[in-house]
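Fold and contact review
What follows is each chain in one-letter form.
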Amino acid sequence: MSDEEDKKMIDIYVMGRRYKVPEGLTIMTALEYSGYKYVRGCGCRGGFCGACSTVYRKEGEYKLKMDLACQTAVEDGMFLVQLPFVPAVRKGFEIEDVDPKQNDNVLLEKYPEIARCVSCNTCTKACPQDIKVMDYVQASLRGDVDRAAKLSFDCIQCGLCSIRCPADIKHYHLAQLARRIKGRYIDLESSELAKMVEELQEGKYDEELNKLCSMSKEELKKVYDERTFQKEG
Amino acid sequence: MITMDGYLYYPGCTLKTKASDYEESAMAVMDALGKPLVEMEDWYCCGAVQSLTTDDLMHQLAPIRTMCCAQEEGENELVTLCDMCYNVLKQANKRIKDNPDDLETINEFQDEDPDYLGDVEVYHLFEVLKEMKKEIKKKVVKDLSSLKIAPYYGCMLLRPTEIAVDDTEDPKIMEELIGLTGAAVIDNPKKTECCGSYHTVNRGDIVEKRVKEIVGRAVEDDVDMIVLSCPLCQFNLEYHQRVTDFDVPVLYLTELLAIAFGLEVGLKKHKIDPIKKLKEKDILE
Amino acid sequence: MSDGYPEYMRRSIEKVEATRENRADIDFERMKPEESQETLDNFHPDYRKEGKHELKVGPSKGELAPIELAELLESPSIIDPSEIDLSQVDYDVEILIVGGGGAGTVAALWAIKEGIDPKDILIATKLRHGDSNSMMAQGGIQAADKEVDSPVTHYLDAIGGGHYTNEPDLLKALTKDAPEIIKWHEKLGIMYDRDEKGEFVELPGGGTSRYRLHSAGDYTGMELMRVLMDESRNKGVPVLEFAPAVELLTDEKGNVSGALLMNLETNEYYVVRAKSTIMATGGFGRLHVQSYPTSNHYGATADGLIMGYRVGIPLRDMDSVQYHPTGAAFPDQVIGLLVTEKVRSLGGQPVNADGELFVNPLEPRDVEAAAIIRECYGREKGITTPTGMRGVWLDSPLIDFKEGEGTVAKRLPAMVRQYERFNIDMTKDPILVFPTLHYQNGGLMINSDSSTAVDGLFAAGEVSGGVHGKNRLMGNSLLDFNVFGRRAGITAAMHARKGQKPSKLTLDHLTKYNKELKDAGIERKNPSPMLLPEYRGKRVLERHLDVQVTL
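Residues numbered from 1 in each chain as written. Chains lettered and ligands numbered in written order. Predicted model: local features only at pLDDT ≥ 70, side-chain atom pairs only at ≥ 80, totals over all residues. Heavy atoms only, no water.

1. Some remarks on the overall build of chain A
When helices and strands are tallied, chain A shows 10 helices and 5 strands. A compact globule built from 233 residues would reach a C-alpha radius of gyration of about 17 Å, whereas chain A, at 25 Å, exceeds it by more than 25%. Over its C-alpha atoms, taken along the principal directions, chain A stretches across nearly 70 × 60 × 30 Å. Put simply, chain A has 233 residues, and 56% of those count as buried. Restricting the contact set of chain A to residue pairs at least 6 apart, pairs at least 24 apart contribute 57%. (Helix = DSSP H or I, 4+ residues; strand = E, 2+ residues; numbered from the N terminus. Rg over C-alpha atoms; globule rule 2.2 N^0.38 Å. Buried < 20%, exposed > 50% of the residue type's maximum accessible area, 1.4 Å probe, protein only. Contact = heavy atoms within 4.5 Å.)

2. Considering the sheet that holds strand 7 (residues 213–214) of chain C
Residues and elements named next belong to chain C. If you walk across this open sheet you meet the 3 strands as 5-7-6, and the pairing is antiparallel. Where the open sheet ends on each side, the last strands, each with one partner, are strand 5 (141–142) and strand 6 (202–203). Bridge analysis of strand 6 against strand 7 gives 2 bridges, and the strand direction is antiparallel. Bridged to E202 within strand 7 is H214. (Pairing = 2+ DSSP bridges.)

3. A word on the interface of chain B and chain A
Facing 18 residues of chain B, the contacting portion of chain A comprises 16 residues. Summing the contributions of chain B and of chain A, the shared interface buries around 1,400 Å²; its carbon and sulfur component is 43%. Across the contact surface, chain B and chain A share 6 salt bridges. Here K63(A) makes a salt bridge to E112(B), at a shortest N to O gap of 3.2 Å. The tally of links from chain B across to chain A stands at 13 residue pairs in polar contact (both at pLDDT 80 or more). Of all the secondary structure elements, the ones that give two or more residues to the side of chain B that touches chain A are helix 1 (13–16), helix 4 (61–72) and helix 6 (100–110) of chain B. In terms of residue count, the dominant contributor to the side of chain B that touches chain A is helix 4 of chain B (3 residues). (Buried area = accessible area lost by both parts, 1.4 Å probe. Salt bridge = Lys/Arg side-chain N within 4 Å of Asp/Glu carboxyl O. Polar contact = N/O pair within 3.5 Å; in protein donor to acceptor, adjacent residues only side chain to side chain.)

4. Some words on helix 9 (residues 303–311) of chain C
All names here are of chain C. Taken across its 9 residues, helix 9 has 9 buried, putting it largely inside the fold. Along helix 9, the residues that are buried comprise D303, G304, L305, I306, M307, G308, Y309, R310 and V311. Just downstream of helix 9, G312 is the residue with a positive phi angle, here 115 degrees.

5. Details of the environment of I95(C)
All names here are of chain C. For I95, the position within the fold is in strand 3 (residues 91–98). The spacing of I95 and D251 is 156 residues in sequence and 16 Å in space, taken between C-alpha atoms. Contact partners of I95, with chain neighbours within four places excluded, come to A111, I116, D120, I121, L122, A274, S276, I278, G489, A492, A493 and A496.

6. Description of the domain arrangement of chain C
Accessible area lost when the parts come together is the quantity often used to give the size of an interface. Residues and elements named next belong to chain C. The domains assigned to chain C are domain 1 (7–30 + 321–438) and domain 2 (81–130 + 221–320 + 441–498). On a C-alpha basis, the centres of domain 1 and domain 2 stand 35 Å from each other. With 20 residues of domain 1 in contact, the opposing surface of domain 2 contributes 17 residues. Three residues stand out in domain 1 for area buried against domain 2, namely V321, Q322 and L437, and they jointly supply 40% of the buried area on that side. (Domains from an automatic or database assignment.)

7. Quick look at the interface of chain A and chain C
The interface is formed by 82 residues belonging to chain A together with 90 residues belonging to chain C. For the chain A and chain C pair, buried surface summed over both sides reaches about 7,700 Å², with 55% attributable to carbon and sulfur atoms. On inspection of chain A and its partner chain C, the count reaches 15 salt bridges. The partner of E147(C) in a salt bridge is K195(A), and the shortest N-O contact between them spans 3.3 Å. Where chain A packs against chain C, one counts 40 residue pairs in polar contact (both at pLDDT 80 or more). For the side of chain A that touches chain C, the secondary structure elements donating two or more residues are helix 1 (27–33), strand 4 (65–68), helix 7 (171–186), helix 8 (191–201), helix 9 (206–213) and helix 10 (217–225) of chain A. The element contributing the most residues to the side of chain A that touches chain C is helix 8 of chain A, with 8 residues. Split by residue class, the side of chain A that touches chain C holds 33 nonpolar, 21 polar and 28 charged. (Nonpolar A, V, L, I, M, F, W, Y, C, P; charged D, E, K, R; others polar.)

8. Examining helix 6 of chain B
Restricting attention to buried positions, one finds in helix 6 of chain B the residues D102(B), L103(B), I106(B), N107(B) and Q110(B). One face of helix 6 of chain B carries all of its buried residues, which in axial projection span an arc of 130 degrees. Opposite the buried face of helix 6 of chain B, by more than 90 degrees, sit the exposed residues D101(B) and E108(B). Buried-residue contacts for helix 6 of chain B involve helix 3 (122–126) of chain A together with helix 4 and helix 5 (83–98) of chain B. Looking one or two residues beyond helix 6 of chain B, the residue adopting positive phi is D111(B), at roughly 60 degrees. (Arc of directions from axis to C-beta.)

9. Structural notes on the arrangement of the chains
Interchain contacts are distributed over 2 pairs of chains, and the most extensive set of them lies between chains A and C. Nothing in chain B touches chain C; the tightest C-alpha to C-alpha distance between them is still 18 Å.

10. Focus: the domain arrangement of chain A
All names here are of chain A. Each assigned domain of chain A is listed with its residue range as follows: domain 1 (7–82) and domain 2 (95–186). Distance from the C-alpha centre of domain 1 to the C-alpha centre of domain 2: 29 Å. Taken together, the 10 residues of domain 1 in the interface contact 7 residues of domain 2. Summed over both partners, the interface of domain 1 with domain 2 comes to about 700 Å²; 67% of that surface belongs to carbon and sulfur atoms. Looking only at domain 1, the three residues that lose the most surface to domain 2 are S53, M66 and L68, adding up to 54% of its buried area. For the interface between domain 1 and domain 2, the tally reads 0 salt bridges. Counting across the interface, domain 1 meets domain 2 through 0 residue pairs in polar contact (both at pLDDT 80 or more). Elements represented by at least two residues in the side of domain 1 that touches domain 2 include exactly strand 3 (53–58) and strand 4. Residue contributions to the side of domain 1 that touches domain 2 peak at 3 residues, all from strand 4. When the residues that make up the side of domain 1 that touches domain 2 are grouped by side-chain class, the tally is 6 nonpolar, 3 polar and 1 charged.

11. Observations regarding empty space enclosed by the protein
All names here are of chain A. Taken as a whole and assessed by the stated rule, the structure comprises 8 cavities of 30 Å³ or more. A volume near 100 Å³ is recorded for the second largest cavity. In this structure, the second largest cavity is lined by 14 residues; those nearest its centre are C127, I131, C155, C158 and C161. Residues of the lining of the second largest cavity, tallied by class, amount to 11 nonpolar, 3 polar and no charged. (1 Å grid on protein atoms, 1.4 Å probe; cavity = no way out; pocket = protein on both sides within 12 Å on 5 of 7 lines; lining within 4 Å. Points joined across faces, edges and corners; volume = space filled by probe spheres on them.)

And the structure:
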């Protein structure tokens, strides 16, 4: 960074200690710039893994905010702490046993504490993915697995919802169960896939595949260059 | 009172699970009447008893959030079916409207979520049906005159007085609606007694005592069925007959209307099968 | 309108908007073989000879590798074999899986299906279970399951895209197992995008001649990993997090007999004895080959390549590195992050500063990347950001223009969210892109059952090489870790069942490797594996007391 000197420097407070960092960094790169080397609290660095949950409050503001360190730009006067781990017990299950047609409400059965939801909506406000967390908890409560699965689809399982919940709900584990039930039981099975799997088991493509495997580069190149392209799906 | 083409409908959790018969029949009946019930896009648990137990304002948050949802859908009238939800939503709404300070506190707590403006009115389906007597009568295609029916109100539709759908001591709304189908309605002296409510969870004995009295009286009067609108009363009155030798089905009023309209809906989740009785009377084939 | 762009960039965006309607239906001609070769030779970073180093030691001596990797391969281990006490075994297992990403997790699940008790498996992983490139894959997973398609066509697309360098046996396994893998996913409850009849909504990818890409929004990898981890937890597979393997262990015959792990928080080591060891550590994006930014996760530091190489597994195709054509180039905070190929699958076009379409949006990845570099540095038609990064526009609003408003928001929610954070609305404005270091095409040589040249060691996923040859197609990496993770799990289980507990645990192969380095006269100062990349500020590192405190 040759242009470091040209940049405006701002103050951030890492667990209370002040550092001066150049403007424009993310919380993650600002901590690294300050000399922290991550072991915990850093994963994909791209907003997909939920490892870098960060809690902060800005100087003079009453509100506690939550976000991902890798996706949030630092601002002057941020007081930061990371939450790299969330103690939230999940309930095990066998996927064969959670058919919604055979059960009254599996979600409520596995996570009875969802009935404690008082609609405070703190979970939704804590979510860095802007998921309507309370809404999917409410959908789960009334057995609407499909809605719970769809609403929670963008969940990166950082756990900030569950850390903030006054009713001690384990939202992201609940949502995971809802999505698996939807994927397995509510979504219809693909008949095209079933047909292809059957054909493969009958060895339908073996001969052609073996032929390709034994071709020389020149032979392959010829076939490849003559491919036709599917125009529409 | 309500002048829309249909009604924004708040179901409550029970109507989506145990009392789906109620919802299914009510929807079908209202469709048939040309005033469909349209389920709200977003809604939350009414808060059930939580919001009634103490004077803690925060317990009103759940029902008020549902008011906000209606408001965000651009509506100011909301219809619900479940007596418990009706009672909770109506009471919470009234309290907030009567106490501007409470409204402000709730809105402040909701923070960046939209404020509730206090403009939504909550109605029970009975209040809607009461205004449509003519239309209901026109839709009746089945002769129910062989049926003898005891109406049952329980508590939640009538108490406290401020939110009652009818006269707290001697309501008539259900009698009038049942009468439209041609069925015989008896004057049920037990119609506003409590079914035992949530005691069903851990004090079944209390509920059993209530059921013996309420259903026992109906048996004495030789009725064919009891008609009501509360899913919890419905469960209690049917389920706890297991300790008696009674055999009286308990139907939602909309199930009865659906039968009269010739609609094949509901009647699936009863602990005491109403279909047998209806077949005996040649009402169902 | 977004306010995330400075005024001069917005003027270029106006040109993009002006040409949009006329470009919408252009089917830009794909490059002829001669032109694509010329573009690769002149502009693709892989074709720059000065970026490569000829390996001086080890099983692939004489082969070329990127300098950044070669330096690690030709360095001594971070541990001194003479200082490690291996007499006390901390974990005694049937199967040790090194790496808790896609391949490792799939391997565990299939080893269990093959009859191994979950508690006799150990997944040791450097970060958390699931922290991996697998989690970040957005676009999708290829599998030929439609009437118009077949594993044969899939094979042909992949081998052509890989410039005919793919290992036939491996590629056959990849394409033939694919439908069965999707079937397995269906049973596990993975939420793939489907139509109302339950059939998969499939898209084309760069270099594919059919619509074959299954996806789950643009969170495909995340959805797969969430479910696989969830299932692994259901089965009770023990996982040691923040405990990477730092070296493999060998018996007296040189066969792999376990690994030495390190607790990253306490710095203590753990000795693991295993009948079978599966290497599933992923790739090397964090080495920043040729100083490129990377789309890879924090732990992608080539550890498995280093450990496997030292124990005697040859590497292949290491001279080829995949640069994803579209990494984010603006704003600074997201440089290098992946802009999924799905943006182009859905109809987004790369256009230059003047709003001109300059390449077919769906060329194989290396050709597409080279064309974008050519536009910026050969034809000088790129857009330069305020901090000097060059890129071209990826016209994302074109997708809504063609497919109807709301398509981008519905099909690319992760991308939209990422840009929204920086006040850029990609449904209304194009986004600036430039190639980013994305995938390690080559890796440890494996057989089609995922076994390696050394008994007791198996490998799967990005750490292994051969299946993609010198260039991987989009949607074949999620497939790769499933197909070969499964094969590794099954083969390792069979190997464990018939084998005895390893008689000896040694680090003799390290002593031997160190001697080889010495004999070759190599003295490097960056011991490996690297474990974690270094991003601390320059000023801090200059004043840093590099002392180890021993209690």
